[in-house]
Amino acid sequence: MRTFKSAMMVFFLVLSTGMYAQETEAPMEEVKEMGHTNQNQFRQLYEEFSTPNQYRTASGAPGSAYYQNQADYKMDIELDDKTQKLTGVETITYHNNSPDALEYLWVQLDQNIRTKNSVAAEKNGSGISAVSQPGTFAKQFLDEPFDGGFNIESVTQDGKALSHTINFTMMRVDLPQPLEAGESTSFSIKWWYNVNNHVTDRARSGYEHFPKDGNNVYVIAQFFPRMAVYNDVEGWQNMQFWGNGEFALPFGNYEVNITVPADHILDGTGEIQNRKEVYSKDMMNRYEQAKKSYDKPVIIVTQAEAEAAEKQFSDKKKTWKLKATMVRDFAFSTSRKFVVDMMNVDVMGKDVMAVSMYPKEGNPLWEEYSTRAIATTLTSYSKHTFQYPYHKAISIHAKNQGMEYPMICWNYGRPEEDGTYSDRVKFGMISVIIHEVGHNFFPMIVNSDERQWGWMDEGLDTFMQYLAEQDFGKQYPLAISPETAYPSRRGIPSKIVPYMKGDQKYIAPIMSNPENVFQLGNNAYGKPATALNILRETVMGHELFDFSFKTYAQRWMFKHPTPEDFFRTMEDASGVDLDWFWRGWFYGTDYVDIGVKNVKKYFVTDKATKEGAAMLERYGVTDPESMAFIYVVEEGSEEFTEDMKSKTVLENAPKLNEYLMDNFSTEERAKMKSPKYFYEITFNKPGGLVMPLIVEYTYADGTTKNVTYPVQVWRKNDSEVSKAIASDKEITKVVVDPNMETADVNLDNNSWPQEAKESKFEQFKKEAGE
């Protein structure tokens, strides 16, 4: 048994300037504030989350009673290129897999947002600008509104009219008798509408007209009455389509026949059933070559062939037949202007055809990068989620567009007329293709409710886009300068800072409906993508994050997840409590601002100090000489002496040396540290968000050390936290978040000593060359 030199000898480290535990209990007479509810940032999200049930579990997985209804479509569509009119008839078979009897069905008429007197046009305030461009002025005050809403000619069942009521972008179809659980019903709708010019209208769907050759390129979506979702969360999701909150749709099977001019090239959702009838012999031969090409796109329709077709304007018609299984929507694109190229992509052992269709105005940019961007997207996204399940992915070139549908999307990025293009245009095009093709995963397969939660597809997709962009830069280094990474616009923490430190009047929580936010791009795309990137890089690490994210994707592929399903799965699969993160980043608008408040250097002594003696007296020690105490004094204080710098700890405090000699063996003492410098570093948090405390320490010898303190350091003091550091080297610099990993909005307080900022006058002198 080890013995002490004296029975009265107790070892204390007494701090002369308050360098002791921050968890102190205030005397009762000092408590003056009123009581409060639990406002700790680490409290659980029980109040915010819905209660788990048999449909959705507490783990974030689908429950034992989870269900989703299905809608199957058979459609015949005709597009008149001369009048830009689309007509259609469809038969919808609706399968009620819910436990409820349905008295009526809700059908979405999204095209009604384009009716001549659409109330959506008046949803925002308006004013008169002091200056505006002619086009903007004409559109606001002179243009006659375009009439592009649905004209519903009939709604029938077994040849008999069905009672129905149209309410703006929703139509209620009243059933003759309730549709019982487990039953199915079929009904038909006949309609037509005028197709809008999406360039002048800035719409998601429509046509672009090319005056020089008189042709149109059509990108057609939301073109048919579509079933609304009925589920355990919303019942019928029949929220009106106002323009920002996009779509909520059930999965189903589609058989679609589309009749267009005979000289058009068309593709869309699903597999072309009559390819040999609609493709020329040369196109079929090239298509077969593309099936064998995994490293280079094969041209299916050449630019010369497309330019020749532009002059034809055939009066004949051709019907393209497409069939799709387990998709939530259908879209197509058609024109006689299309150049087409294809390349096969090996996606985890599965062949997927990457397809690009573009008018000559897209070249040379599109033939160089579009199909390659599709290929990178498919492999990168699949790696982080699940194997891409469909047989193709199509990228259509359309001016000012960026929209997504199952297996097909349209994207901007057009060179100048002479074929030249800037890096901005090039990378903008590659990025939008990655983003829109990536939407096949979110929400086309992981089928979240876009109408209610825009961030669940846009934010997750923008995060995945960031990862895929970096993969593209590695796969195609000639696309970027070799010394730089791909210039991603979103996902990097520092790029969301201007938004997060902006005027709070114009910032909404991520958990907001898309119609109710001021800056949808930052709110639903940029901020959630950045949050997930920070989770992966800084909070959870790649291994835990990637496993959890993939678990979420695979749990909810071909299903309808909610935000809670995502949040719960990320915690369930990782074992990391993230309620503090969801609350701060997703449910609030606080920002990150963590700094270095002060740094105090101490030296050790066994000579009593005023502060130390006073502290001991408060604890009832009236005779400190009867016990051994170790004190610390701050450098520069009146009790500090310069000779302390040249001595070791044990030389400055002989009583500590005696204690070690009496209580530890030679071998044990040899393993002990021998710090010379002692610091108390206080970090403060002017910002509202809690984050891990990432610190870089620089020493006098030029070396550095990075330490990440867990986010839990803030759990008992949300304003500031101190860390005591014993070091054998002198600390000369302290920097918080040295690599800008946390989206800290204020870097001025991140360093000690505080870095001097150039005055505006000094900056002016530099610029003036003085």
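These remarks concern the structure in this document. (Residues numbered from 1 in each chain as written. Predicted model: local features only at pLDDT ≥ 70, side-chain atom pairs only at ≥ 80, totals over all residues. Heavy atoms only, no water.)

On a plain count of helices and strands, the protein chain comes out with 18 helices and 33 strands. By principal-axis analysis of the C-alpha atoms, the protein chain measures approximately 110 × 70 × 60 Å. Accessible surface computed for the protein chain: about 35900 Å², of which carbon and sulfur atoms make up 50%. In the protein chain, 82 positive and 109 negative side-chain charges are present, and the distance between their average locations comes to 4 Å. (Helix = DSSP H or I, 4+ residues; strand = E, 2+ residues; numbered from the N terminus. Areas by Shrake-Rupley, 256 points an atom, 1.4 Å probe, with all protein chains shown as cover. Lys, Arg positive; Asp, Glu negative; His and termini not counted. Charge placed at Lys NZ, Arg CZ, Asp CG, Glu CD.)

Our focus in this paragraph is the pairing of strand β28 (residues 677-684). Of all eight residues in β28, eight are buried, a share of seventy percent or more. Residues Y677, Y679, I681 and F683 line one face of β28 and the alternating positions F678, E680, T682 and N684 line the opposite face, and both faces are buried. Of the pairings in the sheet, the one linking strand β26 (residues 595-605) to β28 comprises seven bridges and is antiparallel in character. From the neighbouring strand, K600 faces β28, where its bridge partner is E680. Here eight bridges tie β28 to strand β31 (residues 720-727), and the two strands are oriented antiparallel to one another. Following the sheet pairing, E680 is matched in β31 by A724. (Buried < 20%, exposed > 50% of the residue type's maximum accessible area, 1.4 Å probe, protein only. Pairing = 2+ DSSP bridges.)

Here we take up helix α6 (residues 365-384). Every α-helix carries 3.6 residues per turn, so stepping three or four residues along brings you back to the same face. Helix length check: α6, at 20 residues, gives a terminal C-alpha distance of 28 Å against a target of 28 Å (1.5 Å per residue), a fit within 8%. Counting buried residues in α6 gives 16 out of 20 residues, a clear majority hidden from the surface. (Expected span 1.5 Å × (residues − 1).)

With that settled, the discussion passes to the packing of aromatic side chains. Counted according to the given criterion, the structure contains 57 aromatic pairs. Seen from their ring centres, F629 and Y631 are 6.5 Å apart, and the 55 degrees between their planes marks the pair as tilted. Note on Y631: relative accessible area 3%, which makes it buried. It is K85 that lies over the ring of W192; its NZ or CZ is 4.4 Å from the centre. Lying across the ring of F247, R226 places its NZ or CZ 4.7 Å from the centre. (Phe/Tyr/Trp six-rings, centres within 6.5 Å; stacked < 30°, edge-to-face > 60°. Lys NZ or Arg CZ within 6 Å of the ring centre and 35° of its normal.)

Pairing within the open sheet is antiparallel, and its four strands lie in the order β30-β29-β32-β33. In the strand order of this sheet, the two ends are held by β30 (704-709) and β33 (751-752), each with one partner. Here strand β32 (residues 731-736) pairs with β33 via two bridges, running antiparallel. Residue V734 lies in a different strand from β33, and its bridge partner there is W752.

Before going further, it helps to examine the sheet that holds strand β20 (residues 332-335). Two strands in a sheet stick together by hydrogen bonds in their backbones, pointing the same way (parallel) or opposite ways (antiparallel). One open sheet accounts for four strands, arranged β10-β11-β20-β16; its pairing is antiparallel. Taken across any chain shown, the strands that pair with only one partner, and hence form the sheet edges, are β10 (206-210) and β16 (265-268). Put simply, the sheet's adjacent strands are angled 10 degrees from each other on average, direction ignored. Sheet topology places β16 next to β20; four bridges connect them, and they run antiparallel. (Axes fitted to C-alpha atoms, helices over the stretch in contact; angles between N-to-C directions.)

All buried positions along helix α14 (residues 610-618) are accounted for by G612, M615 and L616. End-on view of α14: buried residues confined to an arc of 100 degrees, all on one side of the axis. Exposed residues lying more than 90 degrees from the buried face of α14 are K610, E617 and R618. Of the residues trailing α14, G620 is marked for its positive phi of about 85 degrees. (Arc of directions from axis to C-beta.)

A word on the side chain of S356. Its location among the elements puts S356 in strand β22 (residues 350-358). Judged by its relative accessible area of 0%, S356 falls in the buried class. A polar atom in the side chain of S356 sits 2.8 Å from the side chain of T371. Apart from the residues within four sequence positions on either side, S356 is in contact with V339, V340, D341, S370, T371, I374 and S395. (Polar contact = N/O pair within 3.5 Å; in protein donor to acceptor, adjacent residues only side chain to side chain. Contact = heavy atoms within 4.5 Å.)

A word on a nonpolar patch on the surface. Side chains of I128, F137, F141 and L142 sit close together on the surface and give an oily, nonpolar patch of about 450 Å² of accessible area. Along the chain, I128 turns up in the loop between β4 (102-108) and α1 (134-141). (Patch = residues over 30% accessible without salt bridge, like charges linked within 9 Å, V, L, I, M, F, W, Y side chains within 5 Å. Salt bridge = Lys/Arg side-chain N within 4 Å of Asp/Glu carboxyl O.)

Attention shifts here to the nonpolar core. Of all hydrophobic cores here, the largest spans 188 residues; its most connected members are W455, F566, F581, W585, F683 and Y697. Counting residues in each nonpolar core, the second largest holds 10 residues, with I630, V632, L656 and L660 among its members. (Core = buried A, V, L, I, M, F, W, Y, C linked by side-chain atoms within 4.5 Å.)

Read these as spatial facts, not as claims about activity.
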